[in-house]
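# Observations on the model geometry
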There are 2 protein chains.
Amino acid sequence: MNDMGDGTVNTQHDDSAPLLRSITNPADVKALSRDQLHELCREIRRTLLDYGHRHGGHIGSNLGMVEATVALHRVFDSPRDRIVFDVSHQSYVHKMLTGRAAAYLDAGRFGEVTGFTNPDESEHDQFVLGHTGTSISLACGLAKTRDMEGPDSGIGNVIAIIGDGSLSSGVAFEGLNNAAEQGGNIIVIVNDNEMSIAGDFGGMYGPLARLRASGGTAQPNLFEAFGFDYRYVEHGNDVDALIAAFDEVKDTDHPVVVHIHTLKGAGYAGEPSADTTVTAENAARDAAGESARAVNPGSDTGVKPTDNIAHAEPWHSDHCNLSDHEPHEGQCEASHWQNPDSSLGRPDDPRKHYGKLAMAALEPRFVTEPGLVVISPATPGSNGITHEFRERAGAHYVDTGITESHAVTFAAGIARAGGTPVVATTASFFQRAYDQFFQEMSLNRSRVTVLDFLGGLSGSDNTHSGAYDVAMFANIPGVTMLTPTSQADFLAGLAWATMPAGAAGAPDGPVVIRVPGEPILAAERDASLLPLTGGRGAANVCGAAEGRLDTDMLSWRITHAGARVALIGLGNTYPLAERTAVELAEHHNIDATVIDPRQCSTLDTATLESLRERHELVVTLEDGQLEGGWGEKVTAYYANHCIAGGDGTGHAEHTGRNPHVLNVGAAKEFTDRIPLAELNERYGLTVPAIISAVTRCS
Amino acid sequence: MNDMGDGTVNTQHDDSAPLLRSITNPADVKALSRDQLHELCREIRRTLLDYGHRHGGHIGSNLGMVEATVALHRVFDSPRDRIVFDVSHQSYVHKMLTGRAAAYLDAGRFGEVTGFTNPDESEHDQFVLGHTGTSISLACGLAKTRDMEGPDSGIGNVIAIIGDGSLSSGVAFEGLNNAAEQGGNIIVIVNDNEMSIAGDFGGMYGPLARLRASGGTAQPNLFEAFGFDYRYVEHGNDVDALIAAFDEVKDTDHPVVVHIHTLKGAGYAGEPSADTTVTAENAARDAAGESARAVNPGSDTGVKPTDNIAHAEPWHSDHCNLSDHEPHEGQCEASHWQNPDSSLGRPDDPRKHYGKLAMAALEPRFVTEPGLVVISPATPGSNGITHEFRERAGAHYVDTGITESHAVTFAAGIARAGGTPVVATTASFFQRAYDQFFQEMSLNRSRVTVLDFLGGLSGSDNTHSGAYDVAMFANIPGVTMLTPTSQADFLAGLAWATMPAGAAGAPDGPVVIRVPGEPILAAERDASLLPLTGGRGAANVCGAAEGRLDTDMLSWRITHAGARVALIGLGNTYPLAERTAVELAEHHNIDATVIDPRQCSTLDTATLESLRERHELVVTLEDGQLEGGWGEKVTAYYANHCIAGGDGTGHAEHTGRNPHVLNVGAAKEFTDRIPLAELNERYGLTVPAIISAVTRCS
């Protein structure tokens, strides 16, 4: 257990946290004396603070849950009793108490656990998930099977844990409404750390605050309104009080909510006290902190300024996932596992870089366009929608909480009224609004602009991958999806998508703009990476600065006209197309045509037809899933237009009219925190791999 | 206004409903005397009953909303004041009062309006939508723009109407929570007709019933818990009481819920009374009614047994969309516009036919498989999950209300606990669970069986099309999607998908089964339509009856081995492939290979490779969208495996190794109530069109 791996690090840990190190499973927690329980909590808190400092992570929420998690494992019998964490960023303490403490104590073993519960990691973990609000519904399913199968199910109490912020998700309400109806033993622990009252997350938080202020006696009581029995624990960081409360509800025969009032970040500023108001206010003020980039696209260490430890340790607020209220908790976990120190002094990651550019382009218009509204269903900071911008934007900015479905529907309503909505969040979170994209947005031709962050391949974990966004958006009728390859194109696309309704050249429906990723930002930062069009970036920036607006956003851009081989690089893969062309020219005597398609929702058939004459091979590049993606549409176009040439036969001797098409992109699979470079190797998204394919087929 | 179109029909209408006929816009409603308002309500009610009898439609909910809608147009000023109906099946009266009365009075003009509000139809209509729960969020958007743009917005009061059943949708709660936070003038009218208490739709309905019983004074008050001001109107069918209530909240400066207690189907059994309890109980009992098929796949006239008129007029309960509580209201509107009498004596439509088969196959297993659970997020009857089955199934059946997100998450929980969940609903409604399919279901390898009804092309309206289901499901990593082409395959797929976890040959993750559509059912009913394998259907039925279980569900089935041309017909298009092959053999001297791929989530590369030798042309057929669909994957497979043959060049003279591939299927578009045969013509899914393509290209 004490192998330090990288032995250079803090040997003081060999004799630190002796109680915690002695915990190999929850039974050990049950064996402790009350005094030892208190000491265990102190050790865990110290461990979390040290871990957070050296590694980063969702420390604040875990600090708030130290006593509750110890009490859970003291009272309940995991894995027979099932504990379901919502998203599970607050599960570090649970992991420490279920045989994984060394992964938090010993720097050399930090990589042994993920930021989420994961059944592949422990029998005490129920699910691996990346988005909030589903723990109650999952618990309903576990409880249903227990009640159907009886003792054979091997399932005892079923406990769902959910934060007050996560309660803003619609599916959480569906779960509450169904759990009380289902009946039987379902225990929902609402971890209420008051963070939500610092933000504009909904009408329910006022009554919730009054409920707390009344010691759980005030009406209206949201949980009772959904048919739950209800208990309130004012001192949610008092392990004895929590044990007593959990003992009371253990083996309950009906659904009950245990509403525990916790202190987020409890412990940094000393032992938690019952008076958390001041701390909560501090936390709210701390939200003013802004976060900077991390190593990979979508990288987030997850420590929030709302963690008390944040404002005392500059690197926290300087290098971590911004989020200024609890609802952001648990989002943007991508590449959670670097040491934040490693990103010291680095510039913004692409999400923050292009997000800030977008907000800077929109902000001056607020004066003359009252209907222009930026909507972020939580996690604005991760996408460059800074606290300062939000302050200045005032009513032009709306954070709807973790409610993508509402956010997109809300935007459709704004559009219908003649306003100009811009909805911004992470690609994987937009999956929650898929039906609204079809119905409220596209079927109604709503002029909604969607800023799609972290689209495409990245080193993200398997719960936040952007590899599926083109398949999600570009196959919806009526959706235009832009894939800009430069700052200039990105801003031009945003200007076009948000043009006043009816203006000449304005789109007549929704436009999704896939925010450029690391490959584009890197190319722009090093123009030499764009040898064919080295000047293009700068020129376009000037163009954009001059307010030039290109309303032909859908035609493909032939950046170099060659022969034999055409390389079409979608979005983030465009710089790869250029680099490959240079290599083909320099070492293979192939003067390849290079094309930036600029969008992936329609094919530029004129350009495709023009390639028939002088090209034998067309290579499509995309940094997303091939199946349901973009490149296969190019392949199918030629296959289904074999007769365009005239004689109309598909015989081999005639198909020369059709260039042969190769599609390079991602397989249909989930990947988990695999570095982008490694994914590119796996999928053949490298110059050598493409050269090899080209030379094989041409 | 009185042109009868088809003059043969009821000339008595020329002088009927004189007041209603005099209403050309809402201003006319304002000009009426109080007595005239009462008479107008009586005329509207008579018109709805007559219309419902002759045409069908969501009559019950509209009968309940007669007075409320008249009061709305009396008090508010549409279109300046914006009235947003949820889904909008309850908008017939609104349409009558906004210049469209003739479309309900005159049989010859029934086709002039759709079953939904539609901005293309009237400036008084805000949106066209097919699923519940979004009216509050849409209203938030309209109100936001009004408040941002001020008088220039031209928007006054914003009113959202939502039924008590629709409140079970998560997005409705997101809307409530955000509306109260947003503030300003937002009026939410909760149309509470008590239907929900007849069903198991959630813990909130008990407190809601107590709220009604107390005259709106009891706590907990769900709406106040979300931060709303609140008014209660006990007599929701008393136009004077409603006018008074709406006058009170008109021009409110803050969000307010007006909770109106209405009587669904009010008027059939005489004037509505304040005592609705008995009637509601009758309605609940009426839920026992079952519904039969209608003309097209997914066809539903939408009149529910819960309509009081139902049990008095046999054809209602005999020929309409079954739904036994309010939450079903507003779902399954497909092909709404036929006269139910036209389907008298017809057999079940495919949804009910195959749905009943599935339930009949599962029911005997309940005794020995306690963990086997059928989950329907509303609309069970439309999918053959009959009331009688549900009664017998007891705890093995769960209706989660209109909560696809919860339903799929719930199923993942059941699977995690070792149970066997089967989730069944309409393809377009499953769009609400897209994120849960990715995360809770697929990423967690949950053994969930999804019964995907109304997938593929049908004559449905533009809000319920199944043309997009393959693009939705089959591109998700880890999802297996079966496309059975016979009853036997359908049942074999269901048996395989629901095999005990770990059993030999059992799937290790989720399985989506696309329920066969009309083309399959028609072919099975007329074996002569399956000339190549006429006996197959019967044989397989026997096989299934003998309990034979084929656990190789993923390899393609070569039903006829020919040469030159291969026809691969996915799912509902398989009979078309067979018919085309016969025509090619008889009149074009082409002995085409015919293949039933049986599933669309993976390619059978062995079969594809085997086609290289003797085939020049491969034609893929699918009755869904080509973009993001299945056929293009076949095309891309050959294009990207051009070198499998050996010399690996893509030159024209070598691509003979690759059969040429043609993809036949649907364009990326929304279609609205276009008969299936017409869609097939449009997309080339006919024998002549395929023959023509084949002879052009081979």
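Just so it is clear, the structure is predicted and the values come from calculations on it, not from any experiment.

### What about the sheet that holds strand β10 (residues 480-482) of chain B?
Residues and elements named next belong to chain B. Taking strand neighbours across the sheet as the criterion, the six strands line up as β7-β6-β8-β9-β11-β10 in an open arrangement whose pairing is parallel. Each having just a single partner strand, β7 (397-399) and β10 make up the two edges of the open sheet. The sheet shows a mean angle of 20° between the axes of neighbouring strands, taken without regard to direction. The pairing of strand β6 (residues 372-376) with β7 spans three bridges and is parallel. If you follow S376 over to β7, its bridge partner there is D399. Contacting β6, β7 and β8 (420-426), helix α18 (residues 404-416) crosses the sheet at an angle of about 165° to β8.

### Quick word on the environment of B:G684
Residue and element names in this part refer to chain B. The topology assignment puts G684 in the loop between α27 (676-682) and α28 (687-697). Under the relative-accessibility criterion, G684 is labelled buried at 16%. Taking C-alpha positions, G684 is 26 Å from T605, a pair spaced 79 residues apart along the chain. The residues touching G684, leaving out its near neighbours within four places in the chain, are V664, A689 and I690.

### Let's talk about the interface of chain B and chain A
Across the contact, 120 residues belong to chain B and 120 residues belong to chain A. Between chain B and chain A, the buried area comes to about 9,800 Å², and carbon and sulfur atoms account for 58% of it. At the junction of chain B with chain A, the criterion picks out four salt bridges. Close ionic contact of B:R445 with A:D120 constitutes a salt bridge, the shortest N to O distance being 3.2 Å. The greatest single-element share of the side of chain B that touches chain A, amounting to 10 residues, is contributed by helix α9 (residues 170-182) of chain B. Residues of the side of chain B that touches chain A, tallied by class, amount to 46 nonpolar, 53 polar and 21 charged.

### Side note on the pattern of salt bridges
Counted according to the given criterion, the structure contains 62 salt bridges over all chains. Among the ionic pairs, B:R46 bridges to B:E39, the shortest N-O distance being 3.6 Å. Overall, B:R46 belongs to the partly exposed group, its relative accessible area being 48%. Across the salt bridge formed by B:R392 and B:E363, the nearest N and O atoms sit 2.6 Å from each other. Of this pair, B:R392 sits in helix α17 (residues 387-393) while B:E363 sits in the loop between α16 (350-362) and β6, placing them 29 residues apart in sequence. One salt-bridge network, held together by shared partners, links A:K95, A:R100, A:E121 and A:D125.

Reading guide: rules and limits
Residues numbered from 1 in each chain as written. Chains lettered and ligands numbered in written order. Predicted model: local features only at pLDDT ≥ 70, side-chain atom pairs only at ≥ 80, totals over all residues. Heavy atoms only, no water. Pairing = 2+ DSSP bridges. Helix = DSSP H or I, 4+ residues; strand = E, 2+ residues; numbered from the N terminus. Axes fitted to C-alpha atoms, helices over the stretch in contact; angles between N-to-C directions. Contact = heavy atoms within 4.5 Å. Buried < 20%, exposed > 50% of the residue type's maximum accessible area, 1.4 Å probe, protein only. Buried area = accessible area lost by both parts, 1.4 Å probe. Salt bridge = Lys/Arg side-chain N within 4 Å of Asp/Glu carboxyl O. Nonpolar A, V, L, I, M, F, W, Y, C, P; charged D, E, K, R; others polar.

By themselves, these are just geometric observations and shouldn't be taken as functional.
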